[in-house]
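Report on the structure
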Amino acid sequence: MASAVAGGLLLCACSAEEDAPLAADGKGFVKIGLSADTAFGAATKAVDESAYKNVDDYTVQIWKAGAQVGGDYTYGDIEGTPIELPETGTYTVKAFMGEDVAASRTSLYVVGSDDVTINGNQAENVSIACEPTSAKVMVAFDETMKDYFDNYYVSFKTVALGDAIFPWEKDDKDPVYLKVGTNESVKATIHLTKKDGVKVESTEIEKTYTLSPNTAKTINIKPTLSQGSLGIEITIDDTTNDKEIDIEVPSDWV
């Protein structure tokens, strides 16, 4: 019994020490925890996606009522350290890395935020989970496309792009990171210019795909020739959708 009482007293003492106010002036404090999930998880020629998992390099900001409180912090410098806040109330803690743009081949934008309510002199904890705001998209044109078309490319249209488009040219290799909302419908238009000998100068094929942040999709495009009819085969995630195009093919192509 004496041992149990002593243990209970010791536990209370430790708890009291941990919960002790950091100051007696009515100001608040926050301790920030940070994690980053980039499901892409690879290094490409243009972007090392794994670098975005190093949370030490993330910028941390604290906001209240639409105004930033204090300056920018680097998470590696403040990890585990209580940050003093000027008053009680609800704050938004934001952490991010990269460039916030509608489309990019050179960087990701990985961000997260959460609210924390400061009631007094105790250090409140807040955990921020950061994720990319973009979907990773690639287009793979089959080598035989050049046998039938002088030029071909895909243009992407997203909400974030507004009136603009992002073109994937026929010789592009690096993925594009498109800023999208959850389950956003993204229009991809395949633009084709046929070689000499066909009646139609160019044609367009419109497709719509559902994209969400932190997901990846590859669009495989190749020509098909059957009984003098030239078609385009589009494969997405092992699902094939064929679209026949009315094109007159020269006899020496058959």
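The paragraphs below set out a description of the structure included in this document. Note that the structure is a prediction, hence the values are computed from the model and not measured.

Cut-offs applied
- Residues numbered from 1 in each chain as written.
- Predicted model: local features only at pLDDT ≥ 70, side-chain atom pairs only at ≥ 80, totals over all residues.
- Heavy atoms only, no water.
- Helix = DSSP H or I, 4+ residues; strand = E, 2+ residues; numbered from the N terminus.
- Phe/Tyr/Trp six-rings, centres within 6.5 Å; stacked < 30°, edge-to-face > 60°.
- Buried < 20%, exposed > 50% of the residue type's maximum accessible area, 1.4 Å probe, protein only.
- Patch = residues over 30% accessible without salt bridge, like charges linked within 9 Å, V, L, I, M, F, W, Y side chains within 5 Å.
- Areas by Shrake-Rupley, 256 points an atom, 1.4 Å probe, with all protein chains shown as cover.
- Salt bridge = Lys/Arg side-chain N within 4 Å of Asp/Glu carboxyl O.
- Lys, Arg positive; Asp, Glu negative; His and termini not counted.
- Charge placed at Lys NZ, Arg CZ, Asp CG, Glu CD.

1. Observations regarding unusual backbone geometry
Of note in the backbone geometry, A65 takes a positive phi value of approximately 55° without being a glycine. Looking at the element boundaries, A65 is found in the loop between β2 (59–64) and β3 (67–68). Look at N183: it is not a glycine, yet its phi comes out positive at around 55°. Secondary-structure assignment places N183 in the loop between β13 (176–179) and β14 (184–194).

2. Here's the deal with the packing of aromatic side chains
On inspection of all chains with the given rule, the structure shows 2 aromatic pairs. A ring pair is formed by F96 and Y109, whose centres lie 6.1 Å apart and whose planes are at 45°; its orientation type is tilted. Taken together, the residues F96 in strand β6 (residues 89–98) and Y109 in strand β8 (residues 109–118) connect sequence positions 13 residues apart. Look at Y109 and you get buried, because its relative accessible area is 9%. Consider the rings of F141 and Y152, whose centres lie 4.9 Å apart with planes at 65°: the pair is edge-to-face.

3. What to know about a negative patch on the surface
On the surface, D56, D57, D77 and E79 cluster together into a negatively charged patch. With a relative accessible area of 45%, D57 lands in the partly exposed category.

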